[in-house]
Amino acid sequence: MEFKLEAPYKPSGDQPQAIEKLTAGVKKGFPYQVLLGVTGSGKTHTVANVIQNTQKPTLVISHNKTLAAQLYQEFKEYFPDNAVSYFVSYYDYYQPEAYIPQTDTYIAKDADINQEIDKLRLLATSHIFSRNDVIIVASVSCIYNLGSPDQYRNRILHLFKNQEIKKEDLMYSLVSLYYQRTRMDFDRGNFRLRGETIEIYPSYADEIIKIVWEGEAIAGITTRSVIEGNEIELQNYFLYPAKHFLADKKVLDSAFKQIRADLKIRLENLKKEDKQMEANRLNEKVNYDLEMIKEVGYVNGIENYSRYFDGRTPGSAPFSLMDYFKYQYKDDFLVVIDESHMTVPQVRGMHHGDQSRKKTLIDFGFRLPSCLDNRPLNFNEFLERVPQAIFVSATPDEWEINKSEKHVIEQLIRPTGLVDPEVEVRSIDGQVKDLIKEILARKKKGERVLVTTLTKRMAEELSSYLADPVNTGEIILVNYLHADVDTLQRTDILADLRRGTYDVIVGINLLREGLDLPEVTLVAILDADKQGFLRSRVSLIQTMGRTARNVFGKVIMYADEETLAMKEAIEEVNRRREVQLKYNEEHGIIPKTISKPIRNPLVEKELEEEFDELGMTPGEAKKYIKKLGIQMREYARLFEFEKAAKLRDKIIKLKKDFNLS
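As the structure is a prediction and not an experimental result, all values here were calculated from the model.

All right, on to the sheet that holds strand E24 (residues 520–525) then. Across the sheet, six strands lie side by side as E20-E25-E24-E21-E23-E22; this open sheet has parallel pairing. Edge strands, defined here as strands with exactly one partner in the open sheet, are strand E20 (422–426) and strand E22 (478–481). Neighbour-to-neighbour, the strand axes of this sheet turn through a mean angle of 20 degrees, independent of strand direction. Across five bridges, the pairing between strand E21 (residues 448–452) and E24 is parallel. Among the inter-strand pairings, Thr452 is bridged to a residue of E24, identified as Ile525.

See the structure below:
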């Protein structure tokens, strides 16, 4: 099936020229291109048109789950009849295995798998091997170990009418694909035998496959929705494995021999280094793991032995989702890297962080050195697997521009007619007094202000100063944001700014996603001439963009001198603004402020209250545990594992105290 784009509107502004140039670049075989599109210019719609024009299977990579989910929904709406899939980490909660030598603290891997996301991941790989009209929206999970695509494809089970196969042989094949036989609950990844019929609930779909026998041959195959239950007759069916990691008995036997051989070598090395305790620990750990794998086919941390099961050599790259694309489509697919100024550095940094944590586990006898091969791709390995890429960003980094050999396509016009904000540089002398005057002027109009500082201390002190009517002459409702502010409270504080609970937010890093604040008409950047990441050209442009949602948006930079970063950022914003104003004038467009509903808090306020656990009823405890679970998973999503672990321990204690399962 071909890609068929469905949208209620046609490309407008400078979208048509961007679509035409990007399409031509892909067809000419350009390995890299950049789509420099300002926020709100419809970059996703442009990319969707390029996919339709080129008819290439596409992998879209985003730097976090939230943005990936938004893109997934958008592409599903654009391509309702095509195979659009979602591939992100399937953990609701994930705490990696780690060891802290300073305190002799071992932290076992702990995880909570989201079954719906697991289904979508399996659906994504099944699409790759069954269709060409494939779009997979992924987080950086796409560079992590997934198992061999060759083993996966070879284990796809083809069932068809009149096929001669015994029920017992099919059930054996299903078990080898990690489907489980059940007589009670019938869930994803299960199968059951009912007389002359076997029913299968695929791990990747919401359907039931029924296979009926006559003698030793398949007489009929039907499918029905789990919900509706209407049966549809099929001539054949391709059943995909229930898991990505697959290994037959021959592979397991060979892997066990190699693991034991490597264990012997490692134990000898540890003993030579006079690390008897570490040697004993490793010997017990590995033998326990092997016994568990032999008996039940799984053990917590089995992925650390993946190199043996995949048949890879030490140090070789793992098999990732990108290898599945490469295996099936060769070099005939497209990679779109969304928010590339954030995603590219994230891809580059994943490998180093993973290796550092595991090195400690190896040194202290918790893992074999082979665990280093259960890793994400390094950056060079990632690039080797990218045949053609489009970097999408409002502020592409110099690396992306150089890599694309200057194939940069601009998209600067917003459908709303909004233009980039006016930028003014003012002296640091009297900056606070001047800032107060600007805040009060906007407060009278019901508008909001963002102020950025360089340090946590300055953010807190400035907030306290602005909140005192003695200093300002009027009451200013103010709050601050920095790294020590509870992560879950950040978005709620910003929502309160939109509601008018606050007039001003003082922050340090205002570059995080989710800062879509149409009510903000002023961004004030204090100490704009100081050096550092938050005052770089890219960061300054991104910060200025926080007021590009309102027709009255303005940026004031307080500085003693104009640095090169300031100069380049101002020139770029002014250049974009000039293009946008000219376009609006030529086409008679009157800009409109964005209208956007205010979301509900991530966590209800009552969660922050202190509960009297001694006086709590089992029913209240159940509700409290549910709310703590939501908060725990949110901390884990934001990589605040220590806070998540404390909540996990509290949940375990509550369940034990109240005898709750």
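This part is about the environment of Ala389. In this structure, Ala389 sits in strand E18 (residues 389–393). On the basis of relative accessibility, which here comes to 3%, the residue Ala389 falls in the buried class. Other than its neighbours up to four places away in sequence, Ala389 contacts Pro31, Tyr32, Gln33 and Val335.

To continue, consider the UniProt feature "binding site: ATP" (unreviewed entry) in the protein chain. The positions UniProt marks with the feature "binding site: ATP" (unreviewed entry) are Gly37, Val38, Thr39, Gly40, Ser41, Gly42, Lys43 and Thr44. Assessed through its relative accessible area of 1%, Val38 is described here as buried. Look past the residues within four positions of Val38 in its chain and what remains in contact with it is Lys43, Ala394, Gln411, Leu412, Arg414, Asp420, Arg576 and Gln580. When neighbours within four sequence positions are excluded, Lys43 is seen to be in contact with Leu35, Gly37, Val38, Val392 and Gln411. Of note is the side chain of Lys43, whose polar atom sits 3.2 Å from the backbone oxygen of Gly37.

The next subject is the nonpolar core. Side chains of a nonpolar character, in soluble globular proteins, are inclined to be buried together. One finds Leu321 and Phe382 to be the most contacted residues of the largest nonpolar core, which totals 62 residues. Ignoring any residue separated from it by four or fewer positions in sequence, one finds Leu321 in contact with Leu59, Phe87, Thr125, Ile128, Ile136, Ala138, Cys142, Tyr144 and Leu146. In this structure, Phe3, Leu35, Ala48 and Phe79 belong to the second largest nonpolar core, which totals 29 residues.

For the protein chain, the assigned domains are domain 1 (12–147 + 311–388), domain 2 (156–237), domain 3 (250–305), domain 4 (420–585) and domain 5 (616–656). The gap between the C-alpha centroids of domain 2 and domain 4 is 60 Å.

A separate point is the environment of Gly229. Looking at the secondary structure, you find Gly229 in the loop between strand E14 (217–225) and strand E15 (231–234). Residue classification places Gly229 among the partly exposed residues on the basis of a relative accessible area of 33%. For the pair formed by Gly229 and Glu207, sequence separation is 22 residues and the distance between their alpha carbons is 8.7 Å.

Here the focus is the sheet that holds E15. Ordered in space as E10-E11-E12-E13-E14-E15, the six strands form an open sheet in which the pairing is mixed. Both edges of this open sheet fall to strand E10 (180–181) and E15, since each of them pairs with a single strand only. Pairing analysis gives four bridges linking E14 to E15, with the strands arranged antiparallel. Note on E15: the bridge partner recorded for Ile221 is Leu234.

Enumeration over the complete set of coordinates arrives at 42 salt bridges. A salt bridge links Arg357 to Asp354; its shortest N-O distance comes to 3.5 Å. A residue pair is termed a helical-turn pair when its members lie 3 or 4 positions apart in one helix, as Arg357 and Asp354 do in helix H11 (residues 340–363) at three residues. The class for Arg357 is partly exposed, based on a relative accessible area of 23%. The partner of Asp420 in a salt bridge is Arg414, with the nearest N and O atoms 3.0 Å apart. Judged by relative accessible area, which is 6%, Arg414 ranks as buried.

What follows covers the environment of Gln580. Residue placement: Gln580 occurs in helix H19 (residues 564–587). Given the relative accessible area of 2%, Gln580 is considered buried. For the pair Gln580 and Gly417, spaced 163 residues apart in the sequence, the C-alpha separation amounts to 7.6 Å. Contacts of Gln580, omitting those with residues within four sequence positions, involve Val38, Leu412, Ile413, Arg414, Leu418, Val419 and Asp420. At 2.8 Å, the side chain of Gln580 and the backbone oxygen of Leu412 are in polar contact.

About the thresholds
- Residues numbered from 1 in each chain as written.
- Predicted model: local features only at pLDDT ≥ 70, side-chain atom pairs only at ≥ 80, totals over all residues.
- Heavy atoms only, no water.
- Pairing = 2+ DSSP bridges.
- Helix = DSSP H or I, 4+ residues; strand = E, 2+ residues; numbered from the N terminus.
- Axes fitted to C-alpha atoms, helices over the stretch in contact; angles between N-to-C directions.
- Buried < 20%, exposed > 50% of the residue type's maximum accessible area, 1.4 Å probe, protein only.
- Contact = heavy atoms within 4.5 Å.
- UniProt positions renumbered as here; feature names shortened; annotations may be inferred.
- Polar contact = N/O pair within 3.5 Å; in protein donor to acceptor, adjacent residues only side chain to side chain.
- Core = buried A, V, L, I, M, F, W, Y, C linked by side-chain atoms within 4.5 Å.
- Domains from an automatic or database assignment.
- Salt bridge = Lys/Arg side-chain N within 4 Å of Asp/Glu carboxyl O.

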